[in-house]
Every structure is written in structure tokens, then in C-alpha cells.
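The chain contents come next:
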Amino acid sequence: MNKFIILLLAFLSLGISTKAQYSRYIVRIKDKGATNFNLANPAPYLSQRAIQRRTRYNILIDSSDLPVPSAYVSQIQNIPNVTVLNISRWLNAVTVMTTDQNALSAINALPFVENSSPVAARRVNDSDKIIEEIMPVPKTGRRPDQVKTNYYNYGANSLNEIRLHNGEFLHNIGLRGQGMQIAILDGGFYNYTSLKAFDSVNTNSQVLSTWDFVFGHASVAEDHPHGMQCFSTIAANIPGLFIGKAPKASFHLFKTEDVLSEYPIEEFNWACGAERADSSGADIISSSLGYGYGFNDPVPDYSYSDLNGGITMSARAADLAAKKGLLVLNAAGNSGNDYWRMITTPADGDSILAVGAVSTTGMVGSFSSYGPTADGRVKPDVASVGVNAMIQAPDNTIQASNGTSYACPNMAGLATCLWQGFPEYNNMRIVRAIKEAGSIYASPDNRIGYGIPDLKKAFATLLKEFATSSASINDCTATLTWRSKDAGFMKYEIESKSASDAAYKKIATINADAGTLLDNHSYQYNDRLIAVKEGPVSYRIKQIVDTAVASFTAVYIDTAVVMLNQSCQGNGTVNVQTVPNPSSGNTHLVVETDYPVNKMTILIFDMNGRVMQRSTTSKPAGRSTIDLLLQKLTAGKYIIKVNDGNKIIGVSELLKLE
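Heads up: these notes are all about the structure in this document. Keep in mind that this is a model prediction, so the values were computed, not measured.

### Quick look at the overall build of the protein chain
Counting its regular elements, the protein chain contains 12 helices and 30 strands. A principal-axis box enclosing the C-alpha atoms of the protein chain has dimensions of 110 × 55 × 45 Å. In the protein chain, buried positions account for 57% of the 658 residues. For the protein chain, the accessible surface area stands at approximately 25,600 Å², while carbon and sulfur atoms represent 49% of it.

Below, the structure is given as C-alpha cells:
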């Protein structure tokens, strides 16, 4: 069963004899009848945050959430020469260690035990099965200071990674992972407490919990570096050099992988890690582990037909985690160049995002595993940077390395930021938005699935679904009300189309409420209908979500319609003119309306479109005269625009003489 936590996918042959004696077993329990817990009061076995997730997304607490009865576990543990290793509530099973066949017989004789089977041989002090290739960070030729509009100073290589997905857009609107929790399942997190990529994480106490499911203790910092390297792709915060994809998230670090061997017990550990992520209240699972072939003797490999999402322990656990509301991402595998070639499990799970590897230019890594699943589903689901991906190296340098192992946490960090912005939607809606934003969504393939997701596009899709609007009309004034999510630099353009119009026209621009972080806001705009025939008046709202690029990125978030039952021909501007015109000194602006204007803005533009003067006043219905002071204007032609709020109600030309 090949484990692709390796970087360039090359496995050492392990010298475990086919006559190796099993020492670890899975014991399956028939029921949970003896439990002291109940579904009505989950607080003793689920954290408040886990309960809140279930409440928010209408997820029922069921029998799979109940712990394995402690009375059952105690009876197993009390059998001589038996050590209980891990307990899975989801699989309703425990793993034990024993080399005593009489003890194993005693376990199987217990009335609540369904059966037992071996899952690992005796642990040996074998050489490390993970071969890594770490390379110097490639030079790109792009200077970090060329982009000055981003919240983070990424540095050249980090910028290229996140820009592949337009992910810097999420950071710029305040979505950096804060308030979100990510569980990472891996083979160890060597020295994460002291390496420089994690300075901010450690200073801010962003690691919430750790556990080693292989050896049964809390410390994971002395183990293999692979998990640490994956962790760095999400959490790094070294300005100008290396910025992770969700550097302000909080983390649970779980070692489920025994890097010295390859046995099914590690899938059981994976299930236990996923359960711990759930009960601790995590939102995301990022796993760069995989199983399929390469099991140590005497354990047989899976066949490809087993990878249908419903057979392996890890795939069933991954789908259960998704059922509990977690967003689960798993590396697709690094078997593209070897005889197995295909994805591994739990990447075959039908409710998780399996991630393939590409470069920052979108080129597929040759090592990245092929899909589909055995039952024909698209896999991998998406792709992210796993070719020359930036990582924290154990020697405290920042290096580059290859593997879907890094593509997965890169995508997990971005998915975390996206979900942070839309907590109203459940995990599966976020999964679908990410797929829909893929570069080849319309024609997925077996290398990168639906493609390389554009996170700005995913954001716009969810924004459009979230936003709502309504419109009403009273005495020739239409009131448009809408609700959306925005940050202070965003804005809205209101367009209308009446029975008199051949097409929509822009009638107003509304700036978003102040604030640098994305938040929910409500707005209202009054449209005084002028010279409009009776009939339907349609409105659509365009939200400009990114003004930091050469061409605005915008999405029509909603539409609304009012029915005008009477003609509003008389409710308009009668006259806007300047007197005298031309003028060498001051002049007057005459504005005549048959309705009051509470916020009348007067703008004087030069012929290059620059605003030379701005003033705001009000006027009652009828004729009003406003003095225009022109002494500071040079001789030439000017355009005067009169606005009622954000709507232009009149335009006049002015010729200023010497």
C-alpha cells in the first residue's frame, strides 16, 4: 500500500518476512448498548464547537457519535497481555496489541465482540520508508516589491503559488483563516515549535491540540518532518519570503502515520484522527496520506477495484467526517510514474476533495496519480501547487519540494479562507463551489479533475447565491433594498430597465460600507422615476468585488422588479442650465424640478474627466439658483453634472473665458 507522503514517490523495500508474526489487531464491537452516554446530551463526548457545527448545518447526532462503551474497553484491557491502542466510535472498534494467542481467543469470546482480525505485524526498528527530495527554492525573476496592493508581502515564490488560484484576493478582503480550525493528519511535525515558518503560529498559540495515535502520547514535535512541511504550506508567515494559505487559522496536529511500516492499522489511526478532529470542533481536515499498495508482508495490497469510496477504512472514515460537517481534503497520490499509477485511498471517498499536483504555471506533475475511482467518479477533484512547492525544511531553510502531499494543504488553506467568508453554507456547498471554479469544470479529466480552482470565481459564485434584494414603489419612487457581503473598497452599480428602455443602463454607484474585513451589510437606494412609462421596471445589482486589478472583477448578485401602474412623465428635471454662459467671472446654476432634492451634488469636470469642484446642497420643489465660483478655474470648457444622490438628473456645459 503505497504511502504518498513521500515527495517524489520512491519507496524503500522493507525487510519484513512473510512469516512475520502479527502483533496488532482490530476488534470489532457488536453494539454500543452498554454506553453511559446518550444522544440527548452530547456535551460529554462532543465539544461545544462540534455541537454548534451540527446545529448550524442541521446535522443529526446519531449512534456513530456515541463512544464505544467504556465497560467493553475495560474488559478487553483487563485480559492479560493485551494493550488497547486506539478506539474508534465511528467504526465501533478498538485496536489492541498482543502476541498471546490465548489472549486473542479470550477477546473473541467476549459476548459483545463481533470478530477480530490482524492489522499489523510486530513493530520493528526499520529504516525510514519515506524518501524525500528537497530542492532550493527556484528563482523566478519577479521582485517581491512589484506587487504593492496585497495585504501580505508574499515574496516572489509565495505570490506565484497563491496567484495561481487568485487566492491573494481572499487575503486582501480579510479572509486569512482567523476563527477557523484545521486538523492535519500526517506522520509527524518535527520541530514545528522552533522553526521560523511557525513563529507567528507559536507566538499566537494557534496550535490548539496535538496527539500521536501511533505511540499514544501528546507530543508530535520530535517525529518525522513531513507533517511539519505540509503544515508550513498553510501556516507560514515569513514576510517577503514565505506566506501560507491560511496563516491565521488554528490547528490540531495529529500523527496517525507510522513512518517505519505500512499496515492497515494506520488507516484505523486515520479514522481515529478524523474523529478527534470532529469532536474537537475542527472545520477542515487536511491529510497528505494515502493507501493502496506497498503493504508490508504478510498483508496483501488492495486491488484497484477496492477504491470505490466505500470499502477501505480510511475512505469510510473520510466520508463519515464529511457527514459530520467537516471539509475533508486528501492528497491524490504520487503514483503517476509507477506501476500502480492510480489514486490511493482515502482520496477515493465520494465526499472529499482529492487534490492533484501542478506547478505555478499549471503544468501537471508527472508523479501526480491518475483517476478515476474504481466506480468511475472524477478523481482527482481539483489540483494545486505540488511541483516545486515551497515548504519549511528541517534545517530551518525554506526550500521547494514535489508531491501531492503539498498540493493538498495548499488547497486546504485556500478552502479554509473561502469557507471563513461563507459560514452560512455547509462543507459540501464549499466543495461544489471549488469544483465549479475549476479551470476545466466543463470537461474534467483524470489528472486534475475539474481543474485549478479560481478562488475569486468561487467567491463570486457563493456571493451571488448569498445576496438578496427586493424592490417596492410609492408615488413614482422605487426603493431597492439588498443584502450582500463586502469589504470597504468594494462598490455596487445599480442598473435599471423600464418599458421605455431597450437595454439596462447604469443609474447609480454605491460605495460599500467602511471596513477592511469582509462582512454582511444591507443597503437601500431610492430611484426617483423620471419620464418613465407605466409597466415593469427591472433592477439588477452589480457588485464590483476587486478594484485592485486593471479590469474590475464584478458579478451581478441579484435582480428585482417593480410594476409602475401610472406614467411618471411629470416627475422629472425641468431644467438645468448655467447663466450667464460663457462667463469670465462667477455664474449661476439654475436647477428646476417639480420635486424636492434632499441631497443634490454638483460636480464640475474638465474635459479630461477630472473633478475640479464638488459641492452638496438641497433644494425644494421648483426653481433654485446656486452660485458657482469660477475664479480658480482656468479658461476653457467644462461639464457640470447635477446628481440627486447617486443619480444624474441633469448636465450642462460651461465655457469659462479669460
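### Remarks on the packing of helix α8 (residues 265-280) against helix α9 (residues 313-323)
The geometry of α8 relative to α9 is characterised by a closest axis approach of 8 Å and an angle of 10° between their N-to-C directions. The angle between the axes of α8 and α9 places the two elements in the roughly parallel class. Two secondary-structure elements touch here, α8 through E267, F268, W270, A271 and A274 and α9 through M313, S314, A317, A318 and A321. Per-class residue counts for the contact of α8 with α9 are 8 nonpolar, 1 polar and 1 charged.

### Some details on the packing of helix α10 (residues 404-421) against helix α12 (residues 455-466)
Where α10 contacts α12, the axes come no closer than 11 Å and their chain directions differ by 30°. As the angle between them shows, α10 and α12 are arranged roughly parallel. In the packing of α10 onto α12, the handedness of the crossing is right-handed. Contacts between α10 and α12 involve M411, L414 and L418 from the former and L455, A458, F459 and L462 from the latter. The residue inventory of the contact of α10 with α12, partitioned by class, reads 7 nonpolar, no polar and no charged.

### Some details on the pairing of strand β26 (residues 597-605)
Of all 9 residues in β26, 7 are buried, a share of seventy percent or more. Linkage of β26 to strand β27 (residues 611-619), two consecutive antiparallel strands, is achieved through a turn of 5 residues, within which G609 is found at a positive phi near 85°. Examined bridge by bridge, β26 and strand β29 (residues 636-644) share 6 bridges and lie antiparallel to one another. Note on β29: the bridge partner recorded for L603 is K641.

### Remarks on the environment of K506
Of note, K506 is situated in strand β20 (residues 505-511). Among the residues examined, K506 registers a relative accessible area of 52% and is labelled exposed. Note: C-alpha distance between K506 and R540 (34 residues apart in sequence) is 9.4 Å. If near-sequence neighbours (up to four positions away) are discounted, K506 is found in contact with E493, I494 and E495.

### Topic: the sheet that holds strand β17 (residues 468-474)
Here we have 3 strands laid out as an open sheet, ordered β17-β18-β21, and antiparallel in their pairing. Every other strand in the sheet has two partners, leaving β17 and β21 (519-528) as the edge strands with one partner each. Direction aside, neighbouring strands of the sheet carry axes that sit 15° apart on average. Strand direction decides the pairing type here: β17 and strand β18 (residues 477-486), joined by 7 bridges, are antiparallel. Note on β18: the bridge partner recorded for N474 is T477. Together, β17, β18 and β21 form the strand contacts of α12, whose direction differs from that of β18 by roughly 135°.

### Remarks on the packing of aromatic side chains
Taken as a whole and judged by the stated rule, the model has 19 aromatic pairs. Here the aromatic rings of F213 and F254 are separated by 5.8 Å at their centres, their planes lie at 90°, and the arrangement is edge-to-face. A residue pair is termed long-range when its members are at least 10 positions apart, and F213 in the loop between β7 (207-212) and α7 (226-235) and F254 in strand β10 (residues 250-255) qualify at 41 residues. Judged by relative accessible area, which is 5%, F213 ranks as buried.

### A closer look at the pattern of salt bridges
Following the criterion strictly, the structure yields 27 salt bridges and no others. In this structure, K324 engages D62 in a salt bridge whose closest nitrogen and oxygen atoms are separated by 3.2 Å. Taken together, the positions of K324 in the loop between α9 and β12 (327-331) and D62 in the loop between α1 (48-56) and α2 (70-77) put the pair 262 residues apart, joining distant regions of the chain. Take D62: its relative accessible area is 21%, and that puts it in the partly exposed class. Note that K456 is salt-bridged to D546, the shortest N-O span being 2.7 Å. A residue pair is termed long-range when its members are at least 10 positions apart, and K456 in helix α12 and D546 in strand β22 (residues 535-546) qualify at 90 residues. Here K456 falls in the buried class, since its relative accessible area comes to 9%. On the basis of relative accessible area, D546 is assigned to the buried category, the value being 7%.

Reading guide: rules and limits
Residues numbered from 1 in each chain as written. Predicted model: local features only at pLDDT ≥ 70, side-chain atom pairs only at ≥ 80, totals over all residues. Heavy atoms only, no water. Helix = DSSP H or I, 4+ residues; strand = E, 2+ residues; numbered from the N terminus. Buried < 20%, exposed > 50% of the residue type's maximum accessible area, 1.4 Å probe, protein only. Areas by Shrake-Rupley, 256 points an atom, 1.4 Å probe, with all protein chains shown as cover. Axes fitted to C-alpha atoms, helices over the stretch in contact; angles between N-to-C directions. Parallel < 35°, antiparallel > 145°, perpendicular 65-115°, else oblique. Contact = heavy atoms within 4.5 Å. Nonpolar A, V, L, I, M, F, W, Y, C, P; charged D, E, K, R; others polar. Left-handed = near helix turned anticlockwise from the far one by under 90°. Pairing = 2+ DSSP bridges. Phe/Tyr/Trp six-rings, centres within 6.5 Å; stacked < 30°, edge-to-face > 60°. Salt bridge = Lys/Arg side-chain N within 4 Å of Asp/Glu carboxyl O.

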